[in-house]
Amino acid sequence: MTRQHAFTPGELDGDRLAVYKSITEGPRAKGPRLFDLVAESGALLGPFNEFLLRPALGDALQRLGAAVRYEGSLSGRAREMAILVVAAAWDSEFERTSHEAVGRAAGLTEAELAAIAAQAPLDLRDPHEAAVLRLTRALAAGDVDDETWAACVPPLDRETVFELTTLVGYYSTLALQMRAFRV
């Protein structure tokens, strides 16, 4: 059962229209389209439709998401692994299917994608990626114990940990919203 009203462009004006355009004409809409942002009706897909309910909050959230995806220092592989860990932790189908496509484009293999989705062990050769995976799994589980911190910092620096905690918080928020609205 859906709990949302899919806003079509003809219904939008003012701040709602501005948020809609920020999403459909901003960085998410540039470059290769690896997943759909907009339905045939023009309604936003995934979590983005609900951003229009409170435009000031929705705009802040979409700007945060754009910063996490397009202005961060994480490699594409590391970023997508982290997003997919959150998707697995929350059992978020939209995040999983959308970001598996992005992950493939960033170089994640089918075996890596399957291991992340199953929350299974994954042997990564790159120490930075291994630390991102381990730290993200700890964050998604609710805490980073001292052993995990010592194993992950370094190779990660504190700035990367800040970026990663922000990413986990953002995608967890989206997963929670999609669950509440039955997206």
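Preceding this paragraph is the structure being described.
Residues numbered from 1 in each chain as written. Predicted model: local features only at pLDDT ≥ 70, side-chain atom pairs only at ≥ 80, totals over all residues. Heavy atoms only, no water.

A. Here's a closer look at the nonpolar core. Judged by nonpolar contacts, the single largest core of 33 residues is most densely connected at F51, L156, L167 and Y171. If you list the elements that add at least two residues to this core, you get α1 (14-25), α2 (55-70), α3 (76-90), α6 (127-141) and α8 (158-180). The biggest single contributor to this core is α8, with eight residues. Non-local contacts of L156, meaning those with residues more than four positions away in its chain, are made with H128, A131, V132, L135, V161 and L164. Formed by eight residues, the second largest nonpolar core is a distinct cluster that contains L84, V85, L113 and L124. (Core = buried A, V, L, I, M, F, W, Y, C linked by side-chain atoms within 4.5 Å. Buried < 20%, exposed > 50% of the residue type's maximum accessible area, 1.4 Å probe, protein only. Helix = DSSP H or I, 4+ residues; strand = E, 2+ residues; numbered from the N terminus. Contact = heavy atoms within 4.5 Å.)

B. Spatial organisation of the packing of aromatic side chains. Under the definition given, this model contains three aromatic pairs. Pairing F48 with F51 gives two aromatic rings, centres 5.4 Å apart and planes at 75°, and the pair type is edge-to-face. Each ring, one from Y170 and one from Y171, has its centre 4.8 Å from the other, and the planes form 85°; the classification is edge-to-face. With relative accessibility at 3%, the residue Y171 sits in the buried group. (Phe/Tyr/Trp six-rings, centres within 6.5 Å; stacked < 30°, edge-to-face > 60°.)

C. The pattern of salt bridges, seen in detail. Enumeration over the complete set of coordinates arrives at eight salt bridges. For E112, the salt bridge goes to R77, with nearest N and O atoms at 3.0 Å. Here R77 lies in helix α3 and E112 lies in helix α5 (residues 110-117), a separation of 35 residues in the sequence. Accessibility expressed as a relative area gives 18% for R77, which makes it buried. Notably, a salt bridge pairs R79 with E80, separated by 3.0 Å at the nearest N-O pair. In this structure R79 comes out as buried when scored by relative accessible area, which is 13%. (Salt bridge = Lys/Arg side-chain N within 4 Å of Asp/Glu carboxyl O.)

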